[in-house]
Amino acid sequence: MLERYELEAFLTLADELHFGRTAERLGVSTGRISQTVKKLERRVGTPLFVRTSRSVRLTPVGLRLYEDLLPAYGQLRAALERATEAGRGLQGGLRTGFGTPWGGELLTAAADRLLARYPGCEVTVHEVPLDAGPGPLRDGTLDVQFVAFPVREPDLTTGPVVVAEDRVLLLPVAHPLAGRESLGLEDLAGLPLIAPEGASPQYWRDHHYPRRTPSGAPIGRGPVAATWQEVLSHVSAGRGVAPGAALGARYHPRPGIAYVPLRDAPPVEYGLVWPTAGDTALLRAFVEAVGTSRP
């Protein structure tokens, strides 16, 4: 059975292909690396490296061993890190944000779950305007945000889909289409669509608030809204219509608004997004807690 040091020495040398750099990375002498590799080769019964005065390279057997061991070593390191974190408890603070009430409930439940396990950390939950886009993540206001996908930003990491909801259209109850059992995307032609502006990327707005139907018919533009309360007020007043998630009917019931299913529209998918450079053990633990708190 391989000892951990033998495993690290072999994998590091296979990565560096240089005894001096390997010894420097592991903080030992080149002689010890050489002795460890020779011991491992005797155990395997065949050379793992071809050594010359100018180069070091893996033999076919060495390459196969490297490819077989690398994933297992990654899992071993991850397991040790998790055990260490569990032993000492996570520390620090995490600022989280949401734009929908169901997102707020989900983040709050995840925060409670995380704090019960790691009482030494602090998690705060903040509401984010509809038109904020990824701005709070970039200006340092938030560490992680619950958003409607898609998010395709090179500096941001997206987690898995946590909630997927059928898409509906919010209409004034007096609108001729409000009494339908369902609508199609072609029914949006000519309707004044209430949409956010702000810092939301154009591809995100095009996904949720299209300018044309699938056949190419133009969709109108209604008032701009920065928050969901503004959306609801505009729809109630008959100033336009708005796409949304079916959960909205439960969280935003209003006598002046009808929630009609959009039968051929893709679902609204929600998940977590965070700055790639801001990845921490606490953040990873929170992402896991959100996954186990999903409705």
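Provided above is the structure to which this section pertains.
Residues numbered from 1 in each chain as written. Predicted model: local features only at pLDDT ≥ 70, side-chain atom pairs only at ≥ 80, totals over all residues. Heavy atoms only, no water.

(A) Structural detail: the sheet that holds strand β10 (residues 242–245). Reading across the sheet, the three strands line up as β10-β7-β11 and stay open at both edges, with antiparallel pairing between neighbours. At either end of the open sheet lies a strand with only one pairing partner, and these are β10 and β11 (257–261). In this sheet, adjacent strand axes meet at a mean angle of 40° when their direction is disregarded. As judged from the four bridges shared by strand β7 (residues 167–172) and β10, these two strands associate in the antiparallel manner. Each residue of the ladder has a partner; that of R167, found in β10, is A245. In this fold helix α8 (residues 228–236) packs onto β7, β10 and β11, with an angle of close to 50° to the strand it touches most, β7. (Pairing = 2+ DSSP bridges. Helix = DSSP H or I, 4+ residues; strand = E, 2+ residues; numbered from the N terminus. Axes fitted to C-alpha atoms, helices over the stretch in contact; angles between N-to-C directions. Contact = heavy atoms within 4.5 Å.)

(B) Summary view of the pairing of strand β4 (residues 121–127). Where strand β3 (residues 92–98) meets β4, seven bridges bridge the pair, whose relative direction is parallel. Bridging from a neighbouring strand, G92 pairs with C121 of β4. The β-α-β motif built from β3, the intervening helix α5 (residues 101–117) and the parallel element β4 has right-handed crossover chirality. (Right-handed = clockwise from strand over helix to strand, strands pointing away.)

(C) Expanded view of the pairing of β7. Where burial is concerned, most of β7 is hidden: six out of the six residues are buried. By the alternation rule, side chains of β7 split into R167, L169 and L171 and V168, L170 and P172, which are all buried. Bridge count for β7 against β11 is five bridges, and the pairing is antiparallel. Bridge pairing in β11 links P172 to I257. (Buried < 20%, exposed > 50% of the residue type's maximum accessible area, 1.4 Å probe, protein only.)

Taken by themselves, the reported measurements are silent on function.
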